[in-house]
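Structural description and commentary
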Amino acid sequence: MADTSNKSKTAEIEEQMLALWEKEGTFEQSIKQREGAETYSFYDGPPFANGLPHFGHRLVTRIKDSMLRYKTMRGSYVPRRNGWDCHGWPVEFATEKELGLSGKKQIVDYGIDKFNGACRDSIFRYKDEWERLLKRLGRWSEYDYYDGTVDTSYTESVWWALSQVNDKKLLY
């Protein structure tokens, strides 16, 4: 009987390795083994989870993950969390398009609260697809514990940092 699988041998080996890492908790062990070591912090410029990933995202995520693995192999404690950019023009533009709106007047007529709610509802639309891709690429991260720029704590921290810059007369 002929093998009807479209997968290459390389893809099969990759999937076996991913399954082994999952089964053995390899990522979690790499974090736990280095607790107490010097922390290496890396804040990823997060993608928008209301759009699908493309080739450029794949390339950049591999580079970032390689650096984090390198720092881990050198003995650093390197916790990793996914981050999602959840606000701004891309979210608003996609929501306007989805609702058939164009511009401030139509948004006001539609209702700012309703529009903001629609934006909020859209921000994690493709989060599962993103995570499937990142996991398939072998990117290690705490997928259940993530940051989103929509979170109040994030917004408050940005305003706090801006106030510190202003208090030091560095803002003009």
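All figures in this text were calculated on a predicted structure; none of them were measured in a lab. (Residues numbered from 1 in each chain as written. Predicted model: local features only at pLDDT ≥ 70, side-chain atom pairs only at ≥ 80, totals over all residues. Heavy atoms only, no water.)

**Remarks on the packing of aromatic side chains**
Test applied: Aromatic rings from Phe, Tyr and Trp, taking only the six-membered ring of Trp, are treated as a pair when their centres fall within 6.5 Å; an angle between ring planes under 30 degrees marks them as stacked, one over 60 as edge-to-face, and anything in between as tilted. Secondary structure elements are taken from DSSP: a helix is a run of H or I of four residues or more, a strand is a run of E of two residues or more, and numbering for both begins at the N terminus. Per-residue accessibility, obtained with a 1.4 Å probe over protein chains only, is compared with the maximum for each type, and a residue is labelled buried under 20%, exposed over 50%, and partly exposed between these values.
The full count for this structure, using the stated rule, is five aromatic pairs. Between Trp21 and Trp140, the ring centres sit 5.0 Å apart and the planes meet at 75°, which makes this aromatic pair edge-to-face. With a gap of 119 residues between them, Trp21 in helix 1 (residues 9-24) and Trp140 in the loop between helix 7 (127-136) and strand 2 (142-148) connect regions that are remote in the sequence. A relative accessible area of 14% means that Trp140 is categorised as buried. Seen from their ring centres, Trp89 and Phe93 are 4.9 Å apart, and the 20° between their planes marks the pair as stacked.

**Section: the confidence of the model for the protein**
We count it as follows: Here pLDDT means the predictor's own confidence in every residue, given as a number from 0 to 100.
Averaged over every residue, the pLDDT of the protein is 91; the share at 70 or more is 97%. In the model of the protein, strand 1 (residues 81-84) stands out as the element of lowest mean pLDDT, 86, in contrast to helix 5 (residues 104-110), which has the highest, 97.

**What to know about the state of the cysteines**
Note the threshold: Note that a disulfide, as used here, is simply two cysteine sulfur atoms within 2.5 Å.
Summed over the entire model, instances satisfying the criterion amount to zero disulfides. Looking at Cys86, it has no disulfide partner, and the nearest cysteine sulfur is the one in Cys119, 12 Å off.

**Comments concerning the packing of helix 4 (residues 89-99) against helix 6 (residues 112-122)**
Test applied: Lines are fitted to the C-alpha atoms to define the axes, a helix being fitted only along its stretch in contact, and any angle between axes, read from their N-to-C directions, falls within 0 to 180 degrees. Comment on the angle field: the value is read as roughly parallel under 35 degrees, roughly antiparallel over 145, roughly perpendicular from 65 to 115, and oblique elsewhere. Throughout, a residue-residue contact means that at least one pair of heavy atoms, one from each residue, lies within 4.5 Å. Charged means Asp, Glu, Lys or Arg here, nonpolar means Ala, Val, Leu, Ile, Met, Phe, Trp, Tyr, Cys or Pro, and polar covers whatever is left, Gly included.
Contact pair helix 4 / helix 6: the axes reach a minimum separation of 9 Å and the direction vectors enclose 110°. By the angle between their directions, the pair helix 4 and helix 6 is classed as roughly perpendicular. Taking contact as the criterion, the partners of Val91, Glu92, Thr95, Glu96 and Leu99 in helix 4 are, on helix 6, Phe115, Ala118, Cys119 and Ser122. In the contact of helix 4 with helix 6, the residues fall into five nonpolar, two polar and two charged.

**Remarks on the environment of Tyr126**
Along the polypeptide, Tyr126 turns up in the loop between helix 6 and helix 7. Classification of Tyr126 by relative accessible area gives partly exposed; the value is 25%. Discounting chain neighbours no more than four positions away, the residues touching Tyr126 are Ala49, Asn50, Gly51 and Leu52.

**Section: a negative patch on the surface**
Threshold: Patch membership needs two things, relative accessible area over 30% and no salt bridge, and members are linked within 9 Å if like-charged or within 5 Å if nonpolar (Val, Leu, Ile, Met, Phe, Trp, Tyr). Here the Shrake-Rupley method, with its probe set to 1.4 Å, supplies the accessible areas, and only the displayed protein chains count as covering residues. The salt bridge criterion pairs a side-chain nitrogen of Lys or Arg with a carboxyl oxygen of Asp or Glu, the two atoms within 4 Å. Positive: Lys, Arg. Negative: Asp, Glu. His and the chain ends are not part of the count. Charge positions are represented by NZ for Lys, CZ for Arg, CG for Asp and CD for Glu.
Together, Glu22, Glu28, Glu142 and Asp144 line one region of the surface with negative charge. Mapped onto the fold, Glu142 is located in strand 2. With a relative accessible area of 30%, Glu142 lands in the partly exposed category.

**Digging into the environment of Trp130**
What counts, and what does not: Distance and chemistry together define a polar contact, namely a pair of N or O atoms within 3.5 Å, with one atom able to donate a hydrogen and the other to accept it when in protein, and with adjacent residues in sequence counting only for side-chain atoms on both sides.
Within the secondary structure layout, Trp130 lies in helix 7. By relative accessible area, which is 3% here, Trp130 ends up buried. Each C-alpha atom, one on Trp130 and one on Thr95, is 19 Å from the other, the two residues being 35 residues apart in sequence. If sequence neighbours within four positions are ignored, Trp130 has contacts with Pro47, Phe48, Ala49, Gly51, Leu52, Pro53, His57 and Trp84. Only 3.4 Å separates the side chain of Trp130 from the backbone oxygen of Phe48, close enough to count as a polar contact.

**Some remarks on the pattern of salt bridges**
Under the criterion given, the structure shown has 10 salt bridges. Arg81 is the salt-bridge partner of Asp147, the closest N and O atoms lying 2.0 Å from each other. With Asp147 in strand 2 and Arg81 in strand 1, the pair connects residues that are 66 residues apart, well separated along the chain. The partly exposed category is assigned to Arg81, whose relative accessible area is 32%. For the salt bridge of Glu129 with Arg132, the shortest nitrogen-to-oxygen distance reads 4.0 Å. Remark: Arg132 and Glu129 occur in helix 7; sequence separation between them is three residues, near one turn of the helix. Looking at Glu129, the relative accessible area reads 31%, which means it is partly exposed. Members of the salt-bridge network, linked through shared partners, are Lys7, Glu14, Glu15 and Arg136.

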